[in-house]
Amino acid sequence: MGIELDKGLPEESSAATARSSNNGEAGLEEIQNLLREAVADEPALTILKGFKLDFSANKDFHKVFFSVRCECGTAALLSVEVARSKTLPQVSEALPELARRLKAKSRQFAGMSCDMHTRMRIGGATQAAP
Ligand SMILES: [Zn+2]
């Protein structure tokens with residue numbers, strides 16, 4: 001019986017995002033890393049990397065997804081949009097506000113009763129972006 005430790009997954013997406021560092025614009029991966037650090041003190045929030053949900057297909061925005069999970073097994077999907085034209089310093093500047101909004105939504109979800117969570121699951125409703 002072997003024990004598999006999490007050695008850290010290989011970054012598959014590095015090749016795909018390599019071209020995004022033109023013009024000083026922030027790449028998706030850079031934005032993801034910044035946001036993940038910004039909400040690190042909110043353990044319920046998990047970043048969903050490589051998660052693509054393109055039903056809105058807004059090509060002018062990077063979309064970063066987070067999931068927030070409750071003990072009862074219900075998870076909500078949260079998303080943050082960042083304009084592609086934003087440079088890394090601009091993203092850093094907006095970061096506290098983005099993190100604040102994410103945490104507020106996370107707490108809102110945590111503040112609901114598990115009875116409500118269960119009803120959300122049955123209804124199949126996922127929380128959409130504002
Ligand atoms: Zn719950």
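Remember, it's a predicted structure, so these values are computed and weren't measured experimentally. (Residues numbered from 1 in each chain as written. Predicted model: local features only at pLDDT ≥ 70, side-chain atom pairs only at ≥ 80, totals over all residues.)

## Overview of the confidence of the model for the chain
Of the residues in the chain, 72% have a pLDDT of 70 or more, and the chain-wide mean is 80. Confidence drops under pLDDT 50 across residues 8–21; counting only partners more than four residues distant or on other chains, this segment forms nine contacts. (pLDDT = per-residue confidence, 0-100. Contact = placed C-beta atoms within 7 Å.)

## Notes on the pairing of strand β3 (residues 75–83)
Burial of the side chains of β3 is restricted to one face: A76, L78, V80 and V82 are buried, whereas none of A75, L77, S79, E81 and A83 on the reverse face is. Where strand β2 (residues 61–69) meets β3, nine bridges bridge the pair, whose relative direction is antiparallel. Paired with V68 across the two strands is A76, which belongs to β3. If you look at the hairpin formed by β2 and β3, you'll find five residues sitting between the two strands, and G73 has a positive phi there, around 100°. (Buried ≥ 20, exposed ≤ 12 C-beta atoms within 10 Å, placed from the backbone. Helix = DSSP H or I, 4+ residues; strand = E, 2+ residues; numbered from the N terminus. Pairing = 2+ DSSP bridges.)

## A look at the packing of helix α2 (residues 28–38) against helix α3 (residues 88–111)
Viewed as axis vectors pointing N to C, α2 and α3 meet at an angle of 35°, and their least axial separation amounts to 10 Å. Seen along the crossing, α2 lies across α3 with a hand that is right-handed. Counted together, E30, I31, L34, L35 and A38 of α2 and L88, V91, S92, L95, L98 and A99 of α3 form the full contact between these two elements. Looking at side-chain class alone, the contact of α2 with α3 contains nine nonpolar, one polar and one charged residues. (Axes fitted to C-alpha atoms, helices over the stretch in contact; angles between N-to-C directions. Left-handed = near helix turned anticlockwise from the far one by under 90°. Nonpolar A, V, L, I, M, F, W, Y, C, P; charged D, E, K, R; others polar.)

## Looking at the nonpolar core
If you look at the biggest cluster of nonpolar residues, it comprises 16 residues, and the most contacted ones within it are I31, L35, V68 and L102. Ranked by the residues each element gives to this core, the list is headed by β3, at four residues. Those residues within four positions of V68 in sequence are excluded, and the remaining contacts are A44, L45, A75, A76, L78, S106 and F109. (Core = buried A, V, L, I, M, F, W, Y, C linked by C-beta atoms within 7 Å.)

## So, the sheet that holds strand β1 (residues 45–48)
Strands pair in a sheet through their backbones, by hydrogen bonds, and they do so in one of two ways: parallel or antiparallel. What the three strands build is an open sheet, ordered β1-β2-β3; its pairing is antiparallel. The outermost strands of the open sheet, each flanked by one partner alone, are β1 and β3. Taking each pair of neighbouring strands and ignoring which way they run, the sheet shows an average axis angle of 30°. Two elements, β1 and β2, share four bridges in a ladder whose sense is antiparallel. By the bridge assignment, T46 is partnered in β2 with S67. α2 contacts β1, β2 and β3 of the sheet and is inclined by roughly 35° relative to β2. This element, α3, spans β1, β2 and β3 of the sheet and lies at about 160° to β3.

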